[in-house]
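Coordinate inspection notes
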Amino acid sequence: MKHLILPTLVLALAGCGQAPEPDAQATVSITDATCRPTPNGLDVTGCYVTLTASHDDRLVSISAPQAGMAQVHEMKIEDNVMKMAELKDGLALPAGEAVSLSPGGNHMMLMGLKQPLVAGEQVSITLNFEHAQPMGIRALVAQPAVDGDHASPH
Ligand SMILES: [Cu+2]
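These remarks concern the structure in this document. Position numbers for residues count from 1 along each chain, tracking the sequence in the order it is written. Predicted model: local features are reported for residues with pLDDT of at least 70 only, side-chain atom pairs are reported and counted for 80 or more only, and whole-chain, interface and lining totals are derived from all residues. Computation of side-chain values: all heavy atoms of the structure, hydrogens and water removed.

**Considerations on the side chain of R36**
Along the chain, the position of R36 falls in the loop between β1 (28-35) and β2 (45-53). Pairs of N or O atoms within 3.5 Å make up the polar contacts considered here, provided that, within protein, one atom can donate a hydrogen while the other can accept it, and that residues adjacent in sequence are counted only when both atoms are side-chain atoms. One polar contact links R36 to Y48, side chain to side chain, over a distance of 3.2 Å. Each helix is a run of H or I in the DSSP string that is no shorter than four residues. Each strand is a run of E no shorter than two, and both are numbered from the N terminus.

If you want it as structure tokens, here you go:
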């Protein structure tokens with residue numbers, strides 16, 4: 001029996017090498033990363049960014065050392081109420097298309113912040129993609145220019 005196993009293994013490895021697109025070619029450019037400041041002891045905030053993938057990709061998850069938990073959220077209307085929910089399958093990033101996460105729409109959510117975010121500071125966030133290598137960014141803490149977020153405190 002033993003000698004039969006080896007050829008199978010070699011075959012499986014050869015099949016692996018024929019993947020259509022090596023992940024090393026997949027990149028995502030990230031611009032305009034901002035996080036909303038957290039006044040008055042708020043420990044939750046939204047972060048916004050524009051992502052352009054070189055190949056079809058997905059933003060599958062995020063992490064931030066300053067937050068207890070970080071998720072990619074969508075806004076949706078349920079019973080006439082705007083709610084947000086985690087995008088469990090991630091966010092699609094079609095090749096060459098600038099995908100904006102912005103107030104009132106998809107966003108990155110930081111929860112359980114260990115300290116308040118003050119305007120002018122920076123927040124480290126790591127973005128994990130289906131194909132591209134994980135990317136660490138530093139988002140600027142600033143009030144979003146266009147403020148359409150229902151969760152905002154005013
Ligand atoms: Cu959210």
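**Structural notes on the state of the cysteines**
Any two cysteine sulfur atoms within 2.5 Å of one another count as a disulfide. Tallied over the full model, the rule gives one disulfide. In this model, C35 is linked to C47 through a disulfide, with the two sulfur atoms separated by 2.0 Å. Linking C35 and C47, the disulfide has an S-S dihedral of approximately 100° and is accordingly described as right-handed. Taken as a pair, C35 in strand β1 and C47 in strand β2 lie far apart in primary sequence, 12 residues in all. Grouping residues by exposure puts C35 and C47 together as buried. For the exposure calls, accessible area comes from a 1.4 Å probe over protein chains only, and a residue counts as buried if that area is under 20% of its type's maximum, exposed if over 50%, partly exposed in between.

**Here's the deal with the environment of G120**
Tracing the sequence through the fold places G120 in the loop between β8 (107-113) and β9 (122-129). Linking G120 and Q143, residues 23 residues apart in sequence, is a C-alpha distance of 9.8 Å. For this analysis, residues touch if any pair of their heavy atoms sits within 4.5 Å. When neighbours within four sequence positions are excluded, G120 is seen to be in contact with L140 and V141.

**Digging into the side chain of T38**
Within the secondary structure layout, T38 lies in the loop between β1 and β2. Its relative accessible area of 2% is what places T38 among the buried residues. For T38, the side chain forms a polar contact with the main-chain nitrogen of L117, separated by 2.7 Å. The contact partners of T38, leaving out residues within four places of it in the chain, are V44, T45, L113, P116 and L117.

**Side note on the coordination of the copper ion**
Each pair of donors in an ideal octahedron of six around a metal sits at 90 or 180 degrees, and each pair in an ideal tetrahedron of four sits at 109.5 degrees. Each metal's donors are the N, O and S atoms found within 2.8 Å of it, except that Na, K and Ca use a 3.2 Å limit; water is left out, so coordination can look incomplete. Distances from the copper ion to its protein donors, namely H73 (ND1), M84 (SD), H107 (NE2) and M109 (SD), fall within the range 2.1 to 2.3 Å. A four-donor site is called tetrahedral if each angle lies between 85 and 135 degrees; a four-donor site is square planar, and a six-donor site octahedral, when trans pairs exceed 155 degrees and the remaining angles lie between 65 and 115; all other cases are labelled irregular. Bound by four donor atoms, the copper ion shows angles of 98 to 114° at the metal and therefore tetrahedral coordination geometry. Sequence spacing among the residues donating to the copper ion works out to H-x10-M-x22-H-x1-M. Remark: M84 occurs in strand β5 (residues 81-86) and H73 occurs in strand β4 (residues 67-78); sequence separation between them is 11 residues.

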